[in-house]
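Chain and residue survey
Residues per chain are reported as follows:
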Amino acid sequence: MKSVCIVGAGPAGLVAAKTFLQTGQFDVTVYEKKSRIGGIWALEKKSKDGFLSPFTPTNLSRFTVGFSDLDWNSVNYQDDHGKSTENGSADDIKPPMFPKAWMANKYLETYRKKYVPDGIIHCGIEVVKAEQKTPGWAITSKDREGKEKAQAFDYLIMASGFFARPRSIEQNVPGLEKGISHLPVQVIHSSAFRELDGLFPKGGDISGKKILMLGGGNSSGETAAAVALQLSNAQWSPDRALAARYKDVHIVHVTPRPIYALPHFNEYEEGSRSYVPLDFKLYDYGRRPADLGSYAGKQTMEVRNMVHGLMQTMVGSDQSDLSSTLVSRKGDGRGTAYVALSESYPEYVRSGLIEVVPGRVKALPAGEGSTVSATIAQHGEESSLADVAAVIYATGYTPIPALDMLDQTTKEAIKYDSASLRLPMILEQWQTTTKETPNISFLGFYEGPYWPMMEMQARLTAHRWLSGGMSDQRWYEAQDGLLSLRHSMQEKAHDVPQFWFSDYLGYLEDIAVELGLNKNHRSFGEREGCISPARFLSSTTNKAEADSIMDALHHEWHACILNGKYVARAAFRAMHGTWNISRRIQSPLSTYPSGTLEGTASFHPRLPTAKPFDLEYLYIESGTFTTTTGFTMTASRRYIYRYSEATDTLSIWFVKPDNPLRVDYLFHDLAFVKPAEARKAGACIAKADHLCVKDMYWTEYRLPLKGIALREFEIKHTVKGPDKNYIATASYTRQSK
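This text gives an overview of the structure that appears in the document. Computed from a predicted model, the values in this text were never measured in an experiment.

All right, on to the overall build of the chain then. In terms of regular secondary structure, the chain is built from 15 helices and 34 strands. The globule rule puts the C-alpha radius of gyration for 737 residues at 27 Å, and the 27 Å found for the chain is close to it. Along the three orthogonal principal directions, the C-alpha set of the chain runs to about 100 × 65 × 55 Å. When the 737 residues of the chain are sorted by exposure, 56% land in the buried category.

What follows is the structure, encoded as structure tokens:
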């Protein structure tokens, strides 16, 4: 029996251990330098350290962040004392469509217990040296006390991760040769942000100051929106001390390129009035021609223009209504499209809570008081930004620390370059190895690794080592092409995409064909629905779990497409921002005034004030009401809008008369019509009713979303009671920036 050493017990290491153990042909040993498994997901609900907040949602749905034979619904989300980790009993806890990071850890722990026996994984053991021998590998490990141990293995799997360490700001800002310890402000990587108070540990007056955000990728937009939510919450939460502390603080996001912010839920097809998780749309079999081969690498101008067009269709505009900095114009200088996953980034930009500035930060000299300035370079010109009280840099991660253990012979064979943070190795075989190093395999060492791709890489590696053969090289993994791509990355060329190895659906299909895996479409057609690792079964796959995943996927798919699941979520997100409002009140009663209100209305995001809810707005409306007789008066009202994913419900609540920041009682829940009816109406339609003492309210919302954009909508109340009989129709039009 051959021996294999696996370095790392994150998702890649766990699925590799399970895959190799199930062949019955390998003696498996896993070394993990941390005290627990999980990699970047090695955290609990109360964890303070790590690269993620425990409540950070996965970027893609649980059908993409997962493996072929463990359903997220099979996981017990209790704590170690047997208590529920959420409201309600443990049996009631179901993971959201985009699970929280602490839930991902529960998933991985369950996977380990189910498929990897005790004694296989050794935590607290760091591999410090890996040397090629003839045959096999000499592996040197070190325990917590520093005691080293040498062992021989036939094969080596590097599963230590692309996200080994956050890239330092010194690598991105030339003016920081002396480091950041001398700066009078807090400077943190985006992975370290948790709360506003953590940015300003020294206290002091920070009102009116700026929070500087650096970066032009997903983490920068995602983190900027997370900071903006806390600033908005400080302004509009019931805790008024927060409002005073963070008065007029805003974010300045310096980005070298435009980015598109996509929410987690997007319209399935233009005009469909149905909304699906992002990966359901991006990785839909029905959208991909059966004869389209897999692809990777640089993008031609034709492809760049096509992708920008797709993004602009999805967001509903070229983003000129948000900021000129976010507009990608056609021409020779047009780069590839970059995306940030965020529901709220665009409206924070529109409101000015996030100010977007083009360029790159070149220096951070000390400013007045406890602040710094930022020198920003763009097209050879420089500008200065003052009053920066905190800096967050979203510069990504580097896998270099996870690769330093390799010997020089191996590094030369894989064309290792420590200066290339995005492409430090030149690999083939779906980015797992090279012909010069057949007894080592790299799992998940590429930007944006998806868990199913790691599983396929592990299956491919096991097959390769058992059969002794290599797959045919893909055109996009030719060495010269990858070296050229690496050079272009270093030069920040316009034709390098955000993720160069990103054809998730294509690669899964390629490897499935290569390995002769069985198809498991269940209730789906051959080319229908979203891709899932549970569609591809090996002889050792737990089919019951795979079937459970596919059945859940089919249920969610049709709940979205046919029944309008998550339309309430899309509508809630789209209301964010400030609107011009015109309300016309018509009553046949002479005792009840008819007239028109003209004013403004704003939906202000804040942290949910009750646990059953996931999202919350404070709605504030003010204006001038003019009766048909010419009498005028100032009018205002407030509500709380809430969304709960567990029930997929958007609800509106009254505020307390003596405290307009606190929730009082329910006004109504909105019931959205099915997509087929919404398509006929040309808008998403929601209805509600409410009995207020003796008066009955019937309400209809009409929301004509375009993609994810909402530029106008209408709310109509029909009210009847002993002393009331009127129709109030409010038309909302979005304020321009």
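Right, picking up where we left off after that structure.
Each pair of packed helices can be described by the angle between their axes along with the distance between the axes. Contact geometry for helix α10 (residues 451–467) and helix α12 (residues 504–515): axes closest at 10 Å, N-to-C directions at 25°. Taken together, the axes of α10 and α12 lie roughly parallel to each other. For the crossing formed where α10 meets α12, the hand is left-handed. Seen from α10, the contacting residues are P452, M453, M456, R459, L460 and H463; seen from α12, they are Y504, Y507, L508, I511, A512, E514 and L515. For the contact of α10 with α12, the per-class residue count stands at ten nonpolar, one polar and two charged.

A word on the environment of A17. Mapping A17 onto the fold places it in helix α1 (residues 11–23). Put simply, A17 and I120 are 103 residues apart on the chain and 8.2 Å apart in space, counted from C-alpha to C-alpha.

Tracing the backbone shows T325 in the loop between α7 (301–315) and β15 (339–341). Beyond its immediate stretch of four places on either side in the chain, T325 contacts T255, P258, V356, V357 and P358.

The parallel open sheet is built from five strands, whose spatial order is β3-β2-β1-β7-β21. The open sheet has two edge strands, β3 (121–123) and β21 (440–442), and neither has a second partner. Strand after strand, the sheet turns through a mean of 15° between neighbouring axes, direction not considered. Pairing geometry for strand β1 (residues 2–7) and strand β7 (residues 155–158), over four bridges, is parallel. Bridging from a neighbouring strand, V7 pairs with M158 of β7. Running at roughly 165° to strand β2 (residues 26–32), α1 makes contact with β1, β2, β3 and β7 of the sheet. α10 contacts β1, β2, β7 and β21 of the sheet and is inclined by roughly 165° relative to β21.

What follows covers the packing of α1 against α10. Direction vectors running N to C along α1 and α10 enclose 40°, while the axes themselves pass 9 Å from each other. With respect to the hand of their crossing, α1 and α10 are arranged in right-handed fashion. Facing P11, A12, V15, A16, K18, T19, F20 and T23 of α1, the residues of α10 in contact are W451, M454, E455, A458, R459, T461, A462, W465 and L466.

Before going further, it helps to spend a moment on the pattern of salt bridges. Under the definition given, this model contains 29 salt bridges. Close ionic contact of D547 with R522 constitutes a salt bridge, the shortest N to O distance being 3.5 Å. Here R522 lies in the loop between β22 (518–519) and β23 (536–537) and D547 lies in helix α13 (residues 543–561), a separation of 25 residues in the sequence. When its relative accessible area of 42% is taken as the criterion, R522 is described as partly exposed. For D664, the salt bridge is made with K656, and the minimal N-O distance between the two is 3.9 Å. Taking relative accessible area as the criterion, D664 reaches 31% and is therefore assigned partly exposed. A network of salt bridges, in which partner residues are shared, links D321, E347, R350 and R734.

Two pairing modes exist for strands in a sheet, parallel and antiparallel, and in both the strands are linked by backbone hydrogen bonds. Strand order in the open sheet formed by eleven strands is β29-β28-β27-β26-β25-β24-β34-β33-β32-β31-β30, with antiparallel pairing between adjacent strands. Each of the sheet's edge strands pairs with one partner strand only, and the pair in question is β29 (659–669) and β30 (671–672). With six bridges connecting them, strand β27 (residues 632–644) and strand β28 (residues 649–656) associate as antiparallel partners. Among the inter-strand pairings, I640 is bridged to a residue of β28, identified as W653. Across the sheet, helix α4 (residues 218–236) lies against β25 (595–606), β26 (615–627) and β29, angled at about 125° from β25, the strand it touches most.

This part is about the pairing of β7. Covered by surrounding structure in β7 are Y155 and I157 together with L156 and M158, the residues of both alternating faces. Of the pairings in the sheet, the one linking β7 to β21 comprises three bridges and is parallel in character. By the bridge assignment for β21, M158 is matched with F442.

We now examine a nonpolar patch on the surface. Nonpolar side chains collect at one region of the surface, where L292, Y295 and W475 lie side by side and expose about 360 Å² of accessible area between them. When you line up the elements, Y295 lands in the loop between α6 (278–282) and α7. Its relative accessible area of 40% is what places Y295 among the partly exposed residues.

What counts and how
Numbers given to residues run from 1 along each chain, matching the order in which its sequence is written. For a predicted model such as this one, the threshold for reporting local features is a pLDDT of at least 70, and the threshold for listing and counting side-chain atom pairs is 80 or more; totals across whole chains, interfaces and linings nevertheless cover every residue. Note: side-chain values were computed over all heavy atoms of the structure, leaving out hydrogens and water. Secondary structure is summarised from DSSP: a helix means a run of H or I of at least four residues, a strand means a run of E of at least two, and numbering begins at the N terminus for each. Our radius of gyration looks at C-alpha atoms and nothing else; its globule reference is 2.2 Å times the residue count to the power 0.38. Any residue under 20% of the maximum accessible area for its type is buried, any over 50% is exposed, and the rest in between are partly exposed; the area is computed with a 1.4 Å probe on protein chains only. Under this scheme, a helix contributes an axis fitted over its contacting stretch, all axes are lines through C-alpha atoms, and angles between N-to-C directions fall in the 0 to 180 degree range. Note that the term roughly parallel is reserved for angles under 35 degrees, roughly antiparallel for angles over 145, roughly perpendicular for angles of 65 to 115, and oblique for everything else. Helix crossings fall into two classes, left-handed where the near helix is turned counterclockwise from the far one by less than a right angle and right-handed where it is turned clockwise. Any two residues whose heavy atoms approach within 4.5 Å are treated as being in contact. Just so you know the grouping, Ala, Val, Leu, Ile, Met, Phe, Trp, Tyr, Cys and Pro go in nonpolar, Asp, Glu, Lys and Arg go in charged, and all remaining residues, Gly too, go in polar. The criterion for strand pairing is that DSSP finds at least two bridges linking the strands in question. Whenever Lys or Arg places a side-chain nitrogen within 4 Å of a carboxyl oxygen from Asp or Glu, that contact is recorded as a salt bridge. Here a patch means residues that are over 30% exposed by relative accessible area and free of salt bridges, tied together within 9 Å if like-charged and within 5 Å if nonpolar (Val, Leu, Ile, Met, Phe, Trp, Tyr). Method for areas: the Shrake-Rupley scheme with a 1.4 Å probe, in which residue coverage is limited to the protein chains shown.

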